[in-house]
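The primary structure of each chain is shown beneath.
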Amino acid sequence: RLGGIKNLNQAAKQIKAGDNVVFLANHQSEGDPHAVDVLISELAHHNELAGDMVFMAGDRVREDTLVVPFSLGRNLLTVYSKKHINDKPELKEEKQNHNRRTIKETENLFKEGGCCLWFAPSGGRDRRS
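A brief report on the enclosed structure follows.

Reading the values: the criteria
- Residues numbered from 1 in each chain as written.
- Predicted model: local features only at pLDDT ≥ 70, side-chain atom pairs only at ≥ 80, totals over all residues.
- Heavy atoms only, no water.
- Buried < 20%, exposed > 50% of the residue type's maximum accessible area, 1.4 Å probe, protein only.
- Helix = DSSP H or I, 4+ residues; strand = E, 2+ residues; numbered from the N terminus.
- Pairing = 2+ DSSP bridges.

**Remarks on the pairing of strand β2 (residues 54–58)**
The two faces of the sheet receive side chains in turn, since in a regular strand these alternate between them. Buried residues dominate β2, accounting for 4 of its 5 residues. Note that β2 and strand β3 (residues 75–79) share 5 bridges and pair parallel. Within the sheet, the bridge partner assigned to F55 lies in β3 and is L76. Across 2 bridges, the pairing between β2 and strand β4 (residues 116–119) is parallel. Paired with V54 across the strands is L117, a residue of β4.

**So, the pairing of strand β1 (residues 21–24)**
Residues V21 and F23 line the buried face of β1, whereas the alternating positions V22 and L24 sit on a face that is not buried. Note that β1 and β4 share 4 bridges and pair parallel. Bridged to F23 within β4 is W118.

The structure is reproduced here in structure tokens:
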């Protein structure tokens, strides 16, 4: 059983009206975008909401070969976490520029309106291995 259907219905109405909707999660793992897509489209019958949702995620979703398959077919905006931005000092400026582009893209989506963003402010399994 999936709870919160009324909230999803309200979010879908707001997005259609041009409002932006942000879903906040306390954690995000690599499989979450796929799982959320299935839950929203298959169980809650909101195919458009699920298909248009943008997921904010860490760089691993596009750089880690074991993780990339979970990200395929998803709308992603990625950032480098402050915890890892200095891992390779020679790439720090490039990573910061990437983060600035991501912030600008997020701003553009919100200005356009009708954006649905899934965001986990605390991140995911953001730890060194």
